[in-house]
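Analysis of the macromolecular model
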Amino acid sequence: MTSELFAPLSLRSGHVLNNRIAKAAMEENMAGVGQLPDTELFGLYRRWAAGGTGLLITGNVMVHAEALTGPGGVVLDEASPLEPFAEWARAGKSGGGAIWMQINHPGRQIGSDMPGVVWGPSAVAVDLGKHSSRFDRPVAMTPEQIQATVTRYAVTAQRAEQAGFDGVEVHAAHGYLLSQFLSPLVNKRTDRWGGSLENRARMLLDVVRAVRAAVSPTFAVAVKLNSADFQRGGFDADDARQVIAMLAPLGVDLVELSGGSYESPAMSGRPADARTQAREAYFLDLAQDLVTTSPLPLMLTGGITRRHTAERVLDSGVAIIGMGTALAVTPDLPDRWRQGREADERLRPVTWSDKALASAAGMAQVRHQMRRIARGSRPTPDTHPAFALISERRKQRRALRRYRAWLSASQGAA
């Protein structure tokens, strides 16, 4: 069956994707020894590569070894050996598609049990109500720390290209550091990084400029951006429209639209805004508003599981559809669509009223499926969310001990 879904897409860098279906970034938390990718991640990406996606975007790779979203996070900095990343890139490209590395700094969204630094634009803590103690209050970054972090993004992007990746995606969504600078609720600075949207976007724009300058012209550079934070007084669709316009002259190939943060986890289908509930393509309404004015191709991620929905998204003017959870359950879903088939099963829904706990359980369910895929096993979509959450927390406790020891040794060597 022919479809626009399976048409190639040429990007401004000259990079060509062989279809319009992307595996969106999902945080695997599956790093091996030394916070490096190993056989588990290689197996997972080979499985996805064989499933027909035109583009695989990795889970977020950390640019700062002292700032991880979780203890199983992969780190690529100036000290990292490149061969494990080269093997990861080869695995991701083994099916003929492209692989981009998502690069990220968590800022204030770092667990209170994690070693290292907790930075933010301002000393504004994550508010999760009764779960707020999961995160420490951040320290407001100095200008020197901001510039050093911009440089870290560029170093990671350059080394990703050296390892054989086809592009990078700068993560400026979901309440991580660059998203924090964009948010008027989190960014209370009164210097050149605070106040107006132009100032709040300064760090993101500086990161993109530094990344673009550090890589070759044919290497793809994308940005993941919230269409909205889904918090009253936060970053909204009009802000997103203006930031996309700011990114256009900087050599960006693509902007991926998502939404939410730990405080309002719309990206997992549990937002504060009723418009995104109880249907697929959570952020399509906002994307349709943005696509009419966007000077850059847009990718939409969030809740897409069926071909009909994917085609409806493309018909709206979006260039690429991104899927996460659907591919953790059915890794060959693009090939199925090409054959006129759909997924046999979907992930068991999490119906808990506590949105923070439900979001954590949902992510644990997805990671449980990814680990099964990595081992060559069949996904088990009916896994109970409580079982997945308990199992995930056990794994993360072990990973935390390993990360603490590695970080301590790394700091001692330095």
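Heads up: the structure comes first, above all this text.
Attention shifts here to the overall build of the protein. Summing up its helical and strand segments, the protein has 13 helices and 13 strands in all. Radius of gyration (C-alpha) of the protein: 19 Å, near the 22 Å computed for a compact globule of 414 residues. Once the C-alpha set of the protein is aligned to its principal axes, its extents read approximately 55 × 45 × 45 Å. Across the 414 residues of the protein, 62% fall into the buried class.

This part takes up helix α7 (residues 237-247). Given 3.6 residues per turn, any residue in an α-helix points the same way as the ones three and four places further on. The set of residues buried in α7 consists of Ala237, Asp239, Ala240, Val243, Ile244, Met246 and Leu247. Each buried residue of α7 lies within a common arc of 165° when the element is viewed along its axis, so the set occupies one face. Backbone nitrogen of aspartate 238 and a side-chain oxygen of the N-cap are separated by 3.2 Å at the start of α7; the cap is aspartate 236.

Scanning all chains against the criterion turns up five aromatic pairs. Ring geometry for tyrosine 45 versus tryptophan 48: centroids 5.1 Å apart, planes at 85°, classification edge-to-face. One end of the pair, tyrosine 45, and the other, tryptophan 48, are both in helix α1 (residues 39-49), three residues apart, so they sit about a helical turn from each other. Since its relative accessible area comes to 0%, tyrosine 45 is described here as buried. Between the aromatic rings of phenylalanine 85 and tryptophan 88, the centroid separation amounts to 6.4 Å while the plane-to-plane angle is 40°, which identifies the pairing as tilted. Here phenylalanine 85 pairs with tryptophan 88, and both are found in helix α2 (residues 83-93), just three residues apart, close to one helical turn. Site record: aromatic cluster; members linked through ring pairs are Tyr45, Trp48, Phe85, Trp88 and Phe165.

When helix α9 (residues 307-315) is considered as a whole, its buried residues turn out to be Arg307, Thr309, Ala310, Val313 and Leu314. With its buried residues spanning 160° around the axis, α9 presents them on a single face. Seen from the open side of α9, the exposed residues pointing more than 90 degrees away from its buried face are His308 and Asp315. As for α9, its buried residues are in contact with α8 (284-291), β12 (298-301), β13 (320-323) and α11 (333-338). Of the residues one or two after α9, glycine 317 is the one with positive phi, at around 110°.

So, on to the pattern of salt bridges. By the definition in use, this model includes 18 salt bridges. A salt bridge links arginine 46 to glutamate 87; the nearest nitrogen and oxygen atoms lie 3.6 Å apart. Taken together, the residues span a long stretch of sequence, with arginine 46 in helix α1 and glutamate 87 in helix α2 at a distance of 41 residues. Assessed through its relative accessible area of 38%, arginine 46 is described here as partly exposed. A relative accessible area of 24% places glutamate 87 in the partly exposed class. The residue arginine 371 makes a salt bridge to glutamate 392 at a minimum N-O spacing of 2.8 Å. Here the residue arginine 371 occupies a position in helix α12 (residues 355-374), and glutamate 392 occupies one in helix α13 (residues 385-413), the gap between them amounting to 21 residues. According to the relative accessible area criterion, arginine 371 is buried, its value standing at 8%.

Our next topic: unusual backbone geometry. The backbone phi angle of glutamine 35 is positive, close to 60°, even though this residue is not glycine. When you line up the elements, glutamine 35 lands in the loop between β3 (21-23) and α1. Despite not being glycine, histidine 174 has its phi angle at roughly 60°, a positive value. Turning to its location among the elements, histidine 174 is positioned in the loop between β9 (167-172) and α4 (177-182).

Our focus in this paragraph is the packing of α7 against α8. The N-to-C vectors of α7 and α8 enclose an angle of 40°; their axes lie 10 Å apart at closest approach. Overall, the two elements α7 and α8 adopt an arrangement that is oblique. Between α7 and α8 lies a crossing of right-handed hand. Facing Ala237, Ala240 and Arg241 of α7, the residues of α8 in contact are Leu286, Asp289 and Leu290. Split by residue class, the contact of α7 with α8 holds four nonpolar, no polar and two charged.

Parameters and conventions
Residues numbered from 1 in each chain as written. Predicted model: local features only at pLDDT ≥ 70, side-chain atom pairs only at ≥ 80, totals over all residues. Heavy atoms only, no water. Helix = DSSP H or I, 4+ residues; strand = E, 2+ residues; numbered from the N terminus. Rg over C-alpha atoms; globule rule 2.2 N^0.38 Å. Buried < 20%, exposed > 50% of the residue type's maximum accessible area, 1.4 Å probe, protein only. Arc of directions from axis to C-beta. Polar contact = N/O pair within 3.5 Å; in protein donor to acceptor, adjacent residues only side chain to side chain. Phe/Tyr/Trp six-rings, centres within 6.5 Å; stacked < 30°, edge-to-face > 60°. Contact = heavy atoms within 4.5 Å. Salt bridge = Lys/Arg side-chain N within 4 Å of Asp/Glu carboxyl O. Axes fitted to C-alpha atoms, helices over the stretch in contact; angles between N-to-C directions. Parallel < 35°, antiparallel > 145°, perpendicular 65-115°, else oblique. Left-handed = near helix turned anticlockwise from the far one by under 90°. Nonpolar A, V, L, I, M, F, W, Y, C, P; charged D, E, K, R; others polar.

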